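Examination of the molecular architecture
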Amino acid sequence: GCARLTKALIRAGVPMGPPLEAYPMPKVYRPSHDLNCPAVVDRLESEIRSGMYMYLHFGIPCSWWSALARVNGSSRRIANPDGLELLVGERVSAQQLRDMVRLLQCLIDVGGIFTIENPLASLLFYSLLHISLSLFFSLSLSLSLSGAYDFSVVTARRAARAFVRQCARIPGHAAAERHKAK
C-alpha cells in the first residue's frame, strides 16, 4: 500500500503510528514491519494487549484471494474459499488470514476497532475463519466494525471523517475529549 488512509486520518487529527509496510517503496524491505514473520506478529500482539493500539487497518494482500488466482492454479472457490493450500501462495495467504484473525481478536479484547481492506468479491470474506469471526462479532462483510471504511469506492477523506466520528465515541480518546469540549 501507500498509507493514504493513515495520512488521511492524521490530517483529520487522529493520532496514528507509522504504517507497518514490509515494502514501503521499490527495493526497500523492512523486516521489522513484515507481518509474514511470526516474531513481528508476536510483537504486534503484545503491543495490542498492552493497549498501544485502539485501531488497526489491515490491507491484507488480495492476490491469492481473488478469482484471478485460479489462473495460477489456486484451488480456492466460493464453495471452498480456504482452498487446499497446495500452492505456496495459498499457504502464505492462509497464514496471513490466521494471523490477522488472531490480531483482530486481541484488538477486540482490548476494546479496539479495525478495518479490513480487500475487494468486496474477495474470497477472503468467504473464508471460514473470516466468516466465523464476522458472524461471531456481527460484522458486515462490506463494513468494518467501526463503520469507518466500506469497501465500495470511498475516498480516504470520507473514511477519515467517519473514523473520527467513531473515535469521538470512545471514552478517553483524544477525539472524544475534543468532542466534549465543543
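In this report, the structure presented in the accompanying data block is examined. (Residues numbered from 1 in each chain as written. Predicted model: local features only at pLDDT ≥ 70, side-chain atom pairs only at ≥ 80, totals over all residues. Heavy atoms only, no water.)

What to know about the overall build of the protein chain
- Across its full length, the protein chain holds six helices and two strands.
- The linear arrangement of helices and strands in the protein chain, starting from the amino end, is α-α-β-α-β-α-α-α.
- Out of the 182 residues belonging to the protein chain, those deemed buried represent 38%.
- Within the protein chain, residue pairs in contact and separated by at least 24 positions form 55% of the contacts whose partners lie at least 6 positions apart.
- Carbon and sulfur atoms form 61% of the exposed surface of the protein chain, whose accessible area is close to 10400 Å². (Helix = DSSP H or I, 4+ residues; strand = E, 2+ residues; numbered from the N terminus. Buried < 20%, exposed > 50% of the residue type's maximum accessible area, 1.4 Å probe, protein only. Contact = heavy atoms within 4.5 Å. Areas by Shrake-Rupley, 256 points an atom, 1.4 Å probe, with all protein chains shown as cover.)

A few points about the packing of aromatic side chains
- Counted according to the given criterion, the structure contains one aromatic pair.
- Geometrically, the ring pair formed by Y23 and Y29 is tilted, given 5.0 Å between the ring centres and 35 degrees between the ring planes.
- Overall, Y23 belongs to the exposed group, its relative accessible area being 56%.
- Residue classification places Y29 among the partly exposed positions, given a relative accessible area of 39%. (Phe/Tyr/Trp six-rings, centres within 6.5 Å; stacked < 30°, edge-to-face > 60°.)

Focus: helix α2 (residues 38–49)
- Helix length check: α2, at twelve residues, gives a terminal C-alpha distance of 16 Å against a target of 16 Å (1.5 Å per residue), a fit within 8%.
- Within the span of α2, buried status applies to V40, V41, L44, E45, E47 and I48. The arc that holds the buried residues of α2, viewed along the axis, is 165 degrees, so those residues lie on one side. Of the residues in α2, the exposed ones pointing more than 90 degrees away from the buried face are P38 and A39.
- Where α2 is buried, its residues touch β1 (55–58) and α3 (88–109).
- G51 lies just past α2 and shows a positive phi near 90 degrees. (Expected span 1.5 Å × (residues − 1). Arc of directions from axis to C-beta.)

A short note on the environment of S66
- Along the chain, S66 turns up in the loop between β1 and α3.
- Linking S66 and S122, residues 56 residues apart in sequence, is a C-alpha distance of 5.2 Å.
- At a separation of 3.3 Å, a polar atom in the side chain of S66 contacts the main-chain carbonyl oxygen of S63. (Polar contact = N/O pair within 3.5 Å; in protein donor to acceptor, adjacent residues only side chain to side chain.)

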